[in-house]
Amino acid sequence: MQLRPLGSTGFQIAPLVFGGNVFGWTADEITSFAILDQFVDRGFNAIDTADGYSRWVPGHSGGESETVIGKWLAANPDKRDKIVLFTKVGSDMGLGKKCLKADWILKEVDESLRRLQTDHIDLYFSHWPDPETPHEETLGAYAKLLDAGKIRSIGASNYDADLLSAALSVSEEKGLPRYQVIQPEYSLSVRSVLEGPLLELTKREGIGVVTYFSLAAGFLTGKYRSAADLEDKPRGRMVEKYMDARGQKILAALDEVSGAHNTKPAEVALAWIIAKDGVTAPIASATNIDQLQSLFRAAELSLSADEMALLDAASA
């Protein structure tokens, strides 16, 4: 498997990142350990999580995903150097708002390190924009963490081109660390968030791109074909917006390409992102070993120029 440079971080990662939002939520601890073992044993190395995962679950307070990963690392200390570990700060962890203030970042990083049972985070993301906090304050906090060795590089999630450009300008003007990776939503169903000014900026500045919601909340798996398929489904409201004429065109194109390769629509949808110029890797999750094997197949699937064009046209 050919590794890809992760922006200017110095890290090389496999063409698919595991999304750890499922840990401590829809994947129990035993299953999570088995998934992580197989993921790393197959040569994949990037794992994404956040302090806020999975605060949305009743009875959870956030940090559940980091805690599971930390227990796995404690049980497998030899695997720490084999992975590139992402986590994030800035989600609402009880403040009632998203926050990238310096004192909050300096406090939360220690909480993440404690839960992850590690002495450093490889890639630390600003999870959400915080319009109340100047870039200089946020980046200044990251400078302290980089100097202390608590983090190795920084990224931004959910930043548009204007916001990222402004942050890069502050980095240059003030001699502060610069964002090296961006994490936007991107899929066959949602292309406009990344394509256009943001992608042009990341290419020009040599910034890595790691995409989330790569399967559009499950719509691109092909298991949701009609309103009836959404009844009593936890992600029904999230998927419903994709079920228009364009969505049906996308599913038809996925069916055609997956049929030609004897593979699944989800695997084709991920392979399409992997093949996109300027994208480092998509983030994708699995809650069992069968789903994990599907992710492996997606990373190995090569689409022809005609198949890429078909998918591009269907999702335009």
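Here's what I pulled together on the structure shown here. (Residues numbered from 1 in each chain as written. Predicted model: local features only at pLDDT ≥ 70, side-chain atom pairs only at ≥ 80, totals over all residues. Heavy atoms only, no water.)

The subject of this paragraph is the overall build of the protein chain. Secondary structure summary: the protein chain contains 12 helices and 10 strands in total. Rg of the C-alpha trace for the protein chain: 19 Å, near the compact-globule value of 20 Å for 316 residues, within the 12% margin. Counting only C-alpha atoms and orienting by the principal axes, one finds that the protein chain spans roughly 50 × 45 × 40 Å. Buried residues in the protein chain amount to 55% of all 316 residues. Once local pairs closer than 6 in sequence are excluded, the contacts in the protein chain between residues at least 24 apart make up 76%. (Helix = DSSP H or I, 4+ residues; strand = E, 2+ residues; numbered from the N terminus. Rg over C-alpha atoms; globule rule 2.2 N^0.38 Å. Buried < 20%, exposed > 50% of the residue type's maximum accessible area, 1.4 Å probe, protein only. Contact = heavy atoms within 4.5 Å.)

Here we come to the pairing of strand S7 (residues 154-157). A two-sided burial pattern is seen for S7, the buried positions comprising Ile154 and Ala156 on one face and Gly155 and Ser157 on the other. Where strand S6 (residues 123-126) meets S7, three bridges bridge the pair, whose relative direction is parallel. Looking across to S7, one finds that Ser126 is bridged to Ala156. Regarding the hand of the β-α-β motif, the stretch spanning S6, helix H4 (residues 135-148) and S7 is right-handed. In terms of strand pairing, S7 meets strand S8 (residues 181-183) through three bridges, oriented parallel. Bridge pairing in S8 links Gly155 to Val181. Handedness of the crossover joining S7 and S8 through helix H5 (residues 161-174) is recorded here as right-handed. (Pairing = 2+ DSSP bridges. Right-handed = clockwise from strand over helix to strand, strands pointing away.)

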